[in-house]
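The chain contents come next:
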Amino acid sequence: MSERKVLNKYYPPDFDPAKIPKLKLPKDRQYVVRLMAPFNMRCKTCGEYIYKGKKFNARKETVQNESYLGLPIFRFYIKCTRCLAEITFKTDPENTDYTMEHGATRNFQAEKLLEEEEKRMQKEREEEELNNPMKVLENRTKDSKLEMEVLENLQELKELNQRQANVDFEAMLKQYKELEEEQRRREQEEDEQEMKAMLEQAQNRRLLEDSDSDEEPTKARPNPTAQSKPTDILQEDPQPQSKRPRMESWERSVGKLSTKAQLAGLVARRKEKEKEKEKEKEKEKEKEKADPALENGMETRGTTASTGSLPAAAAATSSLGLLGAYSDSEDSASD
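Computed from a predicted structure; not experimentally measured.

(A) Expanded view of the pairing of strand S7 (residues 97-102). Where strand S6 (residues 86-92) meets S7, five bridges bridge the pair, whose relative direction is antiparallel. Looking at the pairing, Thr88 lines up with His102 of S7.

So, in structure tokens, the structure goes:
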């Protein structure tokens, strides 16, 4: 096992390499190699594009009876990635390139053909000048004329560019001002349109409010700025608008009792009643002093009078109490 790692192996003294049998392999033997497409090509069968650098498992063989300066030429076989058609190309050591042989067409072949044509023409010219000195002179005169024409054309192009390159600053400033004015005018028009739209919206809103106020008339609120005196606020109506419909319905059902003439019969002033009572007591005392015999009669009259006046006063107080209780209930409900 250690012999496989050494550099110099043991050969016996009777070793004869001529006795080793040689393998007879065919000259056109093919090898499987891994390569990349050397140029862009298109398959003739299906039209699939195969780009440069795509990898293939190709078969390689040596071309028989072809060589360049003793260098062998190799042929490669690949298959299309779409239709599996066979494509072949071979090496070109003369031009350090590859040549398409079968199954596809090389893209960008026109540029290569043009370069080859230029090289061929240059070669023919050199051959003609080699044997004909007059042809050399003619070619030189043609080249000099062509060079002069090219220089003239170049000078004309430069002058034309210089003419067009002259910048008119006044025209540029004028154009810039015109653009600014146009932009300012456009902004003003847009502002005016926006103002008109806002005014129309405000007018429509006012019309809607006026129509609503016509359908449901309500008392306008007083303007606080219109009050010139501080005491003007005392003359305003203290009742809120929400109580007005209830008061109107109450007045229609029961009757208006807020006037002094109507309440005069129901409400009696306390001072007048007290004075009348004091006067009656003084009169009774005088009568008692004057005639003690009439004491019993006066007591009976006083009791009858008091009993007669009490129901009326009780009725008045009961009606006023009911009215106050009803108004208090309305105030609490509105609050």
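(B) Spotlight on the nonpolar core. Core analysis: the largest hydrophobic core is formed by 15 residues, its most contacted members being Leu35, Met41, Ile50, Ile78, Ile87 and Phe89. Listed by contribution, the elements that provide at least two residues to this core are strand S2 (41-43), strand S4 (55-68), strand S5 (71-79) and S6. Once you skip the residues sitting within four places of it in the chain, Ile87 turns out to touch Met41, Ile50, Phe76, Tyr77, Ile78, Cys80, Met100, His102, Gly103 and Ala104.

(C) Representation of the sheet that holds S5. One open sheet accounts for five strands, arranged S1-S4-S5-S6-S7; its pairing is antiparallel. Each end of this open sheet is capped by a strand with a single partner; those strands are strand S1 (31-36) and S7. Neighbour-to-neighbour, the strand axes of the sheet open up by a mean angle of 40°, direction not taken into account. Here S1 runs beside S4; their pairing, made up of six bridges, is antiparallel. Paired with Arg34 across the strands is Asn57, a residue of S4.

(D) A look at the state of the cysteines. Within this structure, the stated rule accounts for zero disulfides. We note that Cys83 lacks a disulfide partner, and the nearest cysteine sulfur, in Cys46, lies 3.5 Å from it.

(E) Looking closely at a nonpolar patch on the surface. Residues Tyr11, Phe15 and Ile20 make up a contiguous nonpolar surface patch of roughly 330 Å² in combined accessible area. For Tyr11, a relative accessible area of 54% gives the class exposed.

(F) Molecular detail of the environment of Leu71. Its location among the elements puts Leu71 in strand S5. A relative accessible area of 45% means that Leu71 is categorised as partly exposed. Taking C-alpha positions, Leu71 is 7.7 Å from Pro93, a pair spaced 22 residues apart along the chain.

(G) The packing of aromatic side chains, seen in detail. In total, this model carries four aromatic pairs according to the counting rule given. Aromatic pair Phe39 and Phe89: ring centres 6.0 Å apart, planes at 70°, arrangement edge-to-face. Residue Phe39 is found in the loop between S1 and S2, and its partner Phe89 is found in strand S6; the two are separated by 50 residues along the sequence. The residues Phe39 and Phe89 share a single accessibility class, namely buried. We note Arg59 situated over the ring of Tyr77; from NZ or CZ to the ring centre the distance is 4.7 Å.

(H) Geometry of the side chain of Asn139. In this fold, Asn139 is placed in helix H2 (residues 133-165). Non-local contacts of Asn139, meaning those with residues more than four positions away in its chain, are made with Arg125 and Glu129.

(I) Spatial organisation of the sheet that holds strand S8 (residues 104-106). Across the sheet, three strands lie side by side as S3-S2-S8; this open sheet has antiparallel pairing. The open sheet has two edge strands with one neighbour each: strand S3 (49-50) and S8.

(J) Here's a closer look at a negative patch on the surface. There is a patch of like negative charges on the surface, built from Glu187, Glu190, Asp191, Glu192 and Glu194. Here Asp191 is to be found in helix H3 (residues 169-215).

(K) Quick peek at the pattern of salt bridges. The final tally for this structure, using the stated rule, is 13 salt bridges. The residue Glu61 makes a salt bridge to Arg75 at a minimum N-O spacing of 3.0 Å. On the criterion of sequence distance, the pair formed by Glu61 in strand S4 and Arg75 in strand S5 is long-range, its members being 14 residues apart. Here Asp97 and Arg106 are joined by a salt bridge, their closest N and O atoms 3.2 Å apart. Taken together, the salt bridges that share partners define one network made up of Glu182, Arg185, Arg186 and Glu189.

(L) Summary view of the side chain of Asp92. With respect to the helices and strands, the residue Asp92 is situated in strand S6. In terms of polar contacts, Asp92 uses its side chain to reach the side chain of Asn95, at 2.9 Å. Discounting chain neighbours no more than four positions away, the residues touching Asp92 are Asp97, Tyr98 and Thr99.

Parameters and conventions
Residues numbered from 1 in each chain as written. Predicted model: local features only at pLDDT ≥ 70, side-chain atom pairs only at ≥ 80, totals over all residues. Heavy atoms only, no water. Pairing = 2+ DSSP bridges. Helix = DSSP H or I, 4+ residues; strand = E, 2+ residues; numbered from the N terminus. Core = buried A, V, L, I, M, F, W, Y, C linked by side-chain atoms within 4.5 Å. Buried < 20%, exposed > 50% of the residue type's maximum accessible area, 1.4 Å probe, protein only. Contact = heavy atoms within 4.5 Å. Axes fitted to C-alpha atoms, helices over the stretch in contact; angles between N-to-C directions. Disulfide = S-S within 2.5 Å. Patch = residues over 30% accessible without salt bridge, like charges linked within 9 Å, V, L, I, M, F, W, Y side chains within 5 Å. Areas by Shrake-Rupley, 256 points an atom, 1.4 Å probe, with all protein chains shown as cover. Salt bridge = Lys/Arg side-chain N within 4 Å of Asp/Glu carboxyl O. Phe/Tyr/Trp six-rings, centres within 6.5 Å; stacked < 30°, edge-to-face > 60°. Lys NZ or Arg CZ within 6 Å of the ring centre and 35° of its normal. Lys, Arg positive; Asp, Glu negative; His and termini not counted. Charge placed at Lys NZ, Arg CZ, Asp CG, Glu CD. Polar contact = N/O pair within 3.5 Å; in protein donor to acceptor, adjacent residues only side chain to side chain.

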